[in-house]
Amino acid sequence: MQALRQFYQSRYYKKSLYGVIGLGVIGAILVVSTKIRKQQSKQQSLNQFQSNEQSLQGTIFNKLDKCSLSNIDQVKTLNTSISLEIDFVQQILTGRVILKMKAIKSVNKIQLDAKMLSIKGVKVNDQETQFHYKELVVKELGDQLEIFTEKQENEEFQVEIIYSTQQNINNEQVAQNWLQPSQTFGNKHPFLFTQSEAIYARSLYPCQDSPSIKSTFDIELTVPAPLKAFGSGLLVQETSKDNKNIFQFKQPVAIPSYLFAICAGDLEKKKISERTFVISEPILINKCANEFSDMEKYLSTIEEYLTPYKWNEYTVIVLPKAFPYGGMENPNLTFLSPSLVVGDKSETAVLIHEMIHSWSGNSMTCQNWECFWLNEGITTFIENKMVGKIFGKDQQTLHGLLGDNSLQKSINNFGAEHTYTTLSPKLDQQNPDDCFSVIPYQKGCQFLRFLEGQIGEQKFQEFIRLIVSQDTLNSEQFRSLLEKFLLENNIEGVDIQWQSWIIDPGMPKEKLKIEEQFSKKYEKLANDLYDNQMQLDDFQNLHSNEKCFILDLIGNKDIDQRILKNLEEEYQLFESNNPEILHRILIYGIKNNYPVALGDKLSDFLRANGRMKFICPVYRALAEKNREIGLRIFNMCKNSYHSIASAQIQKMFGI
Ligand SMILES: [Zn+2]
């Protein structure tokens, strides 16, 4: 960082000198004013740094990541070797983890993040070692395991911890989601999946649970036969013993703890191409293989825009409905929601998004959760480009517009001045999930689109390749790399508008530019639908993105019972099997007390889906308009939701 800044400054001043010679007095004025601005901003960042230092004095936090209770500025993990037995009866994981670590400076203890773990013993370099398990050190961040051992700077050592997870009786927010057979598609066997992002890996094993700490992994999972288990790595070995199946995986690329994932159940794997695979419950495997049969094409298209895929195999696993997200980019084991399996490949943009994370997020990783936009904004920006290359320009425009709509809705929900609407939210003793929304995705994407518009598509592609080749990044480092890139490439006149995009809350000024013809076409379709002038066949032949966009457009008009009746009877929208469409129409119905939207259709929808993108806006509408029905359905469904989703919904109802 320091070397980079010196290099940048020397280039900067040399370049300024040419400006003075070339442009005379005007140039000189520009240089002087720019220098003053630079000095001011340098002073500002110095002040900021000092105030951060002061506020951290006397607290338990490290200085790099306020969501981790580990002393990550003193020690770091190099390799994680984890061996777990999955106990479906007690719903716990038992086993051991060996952390190969290195002291960054001399230390007398190691602090690890933990949550609801029972520690049986700790050894450092094979010697029994004293430890202290502190519960709820910070309520939002969980527990802390302190291990008392003295290590010298640069010393490498090994910490072995024997432990088990605890039963989650009080539905605390943890990574693991244990499902009953009735919650699976096959209805016969139990199921387990985990969700470590953002700060739940600590509920799976004691670790340095910060995205800035990356380690290689060896994973061993034991499950009762005939079930199978998968981990976020490449399969090394599969054996059976005493009616148990044992699977070993290796992750040779260093990854942060939030990308550690496991999954177990009645599962089948199917090859799509030499390096792409699909896993799901056997009953769903052919449907999934058809839906995602173009994975190789998607991966090659992304490689063309970025760089070669470095993780060897790419595998997706389609989970039961309780999975709270559209997808999760666990390396070599992308988790996907079954809501993407709609039969016509129209929801595969989520898969493309998760694939892109193999570069932005999993390879280049945000240093802490305050600069999460670096993972998601960059990925969403590339996703939009890839949708254009794979599905055509119109789909790309629609995809971008739907993203813009979701950003506007999210900013409206928070309020334009809310701190969570900035790309650099301050997380102090908070769970990053509290401020989770589409904002880092869509506002981050719009910022990059804004930059690309000034820099040019080809040059910006070079810059994006440079960014994804980094190991970890924070927002300031991103800015330095951008400024250095512009200087090196003699690109002048770029107005970054850092303050308004990255620091300020609210909606950015830059809107996606669309052709007039394009917007007129969809406005007409929306009017036709609203006025009941469209043929059912014509409506049904539209792509689901087009239907969603039109539905968003009619949301700007007055929707009353008569309009809803048309949408129900003439266009059968309440019968849609695509949750992207159904959740939109349900929300319109709830807001207008439309009986169909408050009956079985609503409870069936909320029972059948666990993906937060769909259920959270529906519950939010219920919390505002029909609290009683909302709470009744939530109480009926909450055991089938992931604890992350339940916590979000409980907040909406203030319970
Ligand atoms: Zn993502």
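Nothing here was measured: the structure is a model prediction, and the numbers come from that model. (Residues numbered from 1 in each chain as written. Predicted model: local features only at pLDDT ≥ 70, side-chain atom pairs only at ≥ 80, totals over all residues. Heavy atoms only, no water.)

Here the focus is the coordination of the zinc ion. At 2.1 to 2.7 Å from the zinc ion lie its protein donor atoms, namely His353 (NE2), His357 (NE2), Glu376 (OE) and Glu376 (OE). Geometry at the zinc ion is irregular, judged from its four donor atoms and the angles of 53 to 149° they form at the metal. For the zinc ion, all donor residues lie on one chain, and their spacing in sequence is H-x3-H-x18-E. Taken as a pair, His353 in helix H4 (residues 349-356) and Glu376 in helix H5 (residues 373-391) lie far apart in primary sequence, 23 residues in all. (Donors = N, O, S within 2.8 Å, 3.2 Å for Na, K, Ca; no water. Tetrahedral: all angles 85-135°; square planar, octahedral: opposite > 155°, others 65-115°. Helix = DSSP H or I, 4+ residues; strand = E, 2+ residues; numbered from the N terminus.)

Turning next to the pairing of strand S6 (residues 131-138). In this sheet, strand S7 (residues 142-151) lies alongside S6 in antiparallel orientation, the contact comprising five bridges. What sits directly across from Phe131, in S7, is Ile147. Adjacent in sequence and paired antiparallel, S6 and S7 are bridged by three residues. (Pairing = 2+ DSSP bridges.)

Bringing the pattern of salt bridges into the picture now. Under the criterion given, the structure shown has 30 salt bridges. Of the charged contacts in the structure, one is a salt bridge between Glu370 and Lys66, with a shortest N-O distance of 3.5 Å. Taken together, the residues Glu370 in the loop between strand S21 (365-366) and H5 and Lys66 in the loop between helix H1 (2-56) and strand S1 (75-87) connect sequence positions 304 residues apart. Given the relative accessible area of 16%, Glu370 is considered buried. (Salt bridge = Lys/Arg side-chain N within 4 Å of Asp/Glu carboxyl O. Buried < 20%, exposed > 50% of the residue type's maximum accessible area, 1.4 Å probe, protein only.)

Taking burial as the measure, the eleven residues of helix H20 (residues 643-653) include eight buried ones, the bulk of the element. Among the structural elements, helix H18 (612-625) and helix H19 (627-637) are those in contact with the buried residues of H20. Within two residues after H20, Gly654 carries a phi angle of roughly 65°, on the positive side. (Contact = heavy atoms within 4.5 Å.)

Within this structure's numbering, the places UniProt gives as "coiled-coil region" (unreviewed entry) are residues 557-584. As annotated, residues 557-584 has a helix share of 54% and a strand share of 0%, and its two end C-alpha atoms lie 14 Å apart. (UniProt positions renumbered as here; feature names shortened; annotations may be inferred.)

The complete set of buried residues in helix H14 (residues 561-569) reads Ile563, Leu564, Asn566 and Leu567. Buried positions in H14, seen along its axis, are confined to an arc of 155° and lie on one side of it. Two or three places before Arg562, at the start of H14, stands the capping residue Asp560, its side-chain oxygen 3.1 Å from that residue's backbone nitrogen. (Arc of directions from axis to C-beta. Polar contact = N/O pair within 3.5 Å; in protein donor to acceptor, adjacent residues only side chain to side chain.)

Taking the UniProt record as the reference, the feature "binding site: a peptide" (unreviewed entry) is found at Gln195, Ser196, Glu197, Pro324, Tyr325, Gly326, Gly327, Met328, Glu329, Arg611, Met612 and Lys613. Tracing the sequence through the fold places Tyr325 in the loop between strand S18 (314-318) and strand S19 (327-328). Classification of Tyr325 by relative accessible area gives buried; the value is 11%. Setting aside residues up to four positions removed in sequence, Tyr325 forms contacts with Gln195, Ser337, Asp433, Phe436, Arg611, Met612 and Ile644. Mapped onto the fold, Gly327 is located in strand S19.

With their axes 9 Å apart at the nearest point, H18 and H20 run at an angle of 20° to one another. On the basis of their axis angle, the class for H18 and H20 is roughly parallel. The handedness of the crossing between H18 and H20 is right-handed. Residue-level inspection shows Met612, Ile615, Cys616, Tyr619, Arg620, Leu622 and Ala623 of H18 in contact with H20, the latter providing Ile644, Ala645, Gln648, Ile649, Met652 and Phe653. Residue classes in the contact of H18 with H20 are distributed as eleven nonpolar, one polar and one charged. (Axes fitted to C-alpha atoms, helices over the stretch in contact; angles between N-to-C directions. Parallel < 35°, antiparallel > 145°, perpendicular 65-115°, else oblique. Left-handed = near helix turned anticlockwise from the far one by under 90°. Nonpolar A, V, L, I, M, F, W, Y, C, P; charged D, E, K, R; others polar.)

A separate point is the nonpolar core. In terms of nonpolar packing, the biggest core is built from 193 residues, with Phe292, Phe447, Phe478, Leu606 and Tyr619 touching the most fellow members. Beyond its immediate chain neighbours, meaning those up to four positions away, Phe478 contacts Trp373, Leu374, Ile378, Phe447, Leu448, Phe463, Ile467, Leu473 and Trp498. (Core = buried A, V, L, I, M, F, W, Y, C linked by side-chain atoms within 4.5 Å.)

Attention now moves to the sheet that holds strand S16 (residues 268-271). Sheets are built from strands paired through backbone hydrogen bonds, the pairs being either parallel or antiparallel. Within the open sheet, the five strands sit side by side as S16-S17-S18-S20-S19. Their pairing is mixed. Each edge of the sheet is formed by a strand with only one pairing partner; in this case those strands are S16 and S19. One ladder, built from two bridges, connects S19 with strand S20 (residues 334-336); its direction is antiparallel. Each bridged residue has a counterpart across the sheet, and for Met328 the counterpart in S20 is Phe335. Packing against the sheet, helix H3 (residues 295-305) makes contact with strand S17 (276-280) and S18, and its axis sits at approximately 130° to S17. On top of the sheet, H4 reaches S18, S19 and S20; it is set at about 135° to S18, its chief contact.

So, on to the packing of helix H7 (residues 439-455) against helix H8 (residues 457-468). One way to put it is that H7 packs onto H8 with a least axis distance of 7 Å and a crossing angle of 130°. The angle between H7 and H8 falls in the class oblique. Two packed elements cross with a definite hand, and for H7 against H8 that hand is right-handed. Across the interface between the two elements, Leu448, Leu451, Glu452 and Ile455 of H7 pack against Glu457, Lys459 and Phe460 of H8.

This paragraph deals with the packing of aromatic side chains. The tally for this structure, following the rule as stated, stands at 37 aromatic pairs. Residues Phe460 and Phe463 carry aromatic rings whose centres are separated by 5.7 Å and whose planes lie at 40° to one another, so their mutual orientation is tilted. Of the two residues, Phe460 and Phe463 are both situated in helix H8; the distance of three residues between them amounts to about one turn of the helix. Residue Phe460 is classed as buried on the basis of its relative accessible area, which comes to 0%. (Phe/Tyr/Trp six-rings, centres within 6.5 Å; stacked < 30°, edge-to-face > 60°.)

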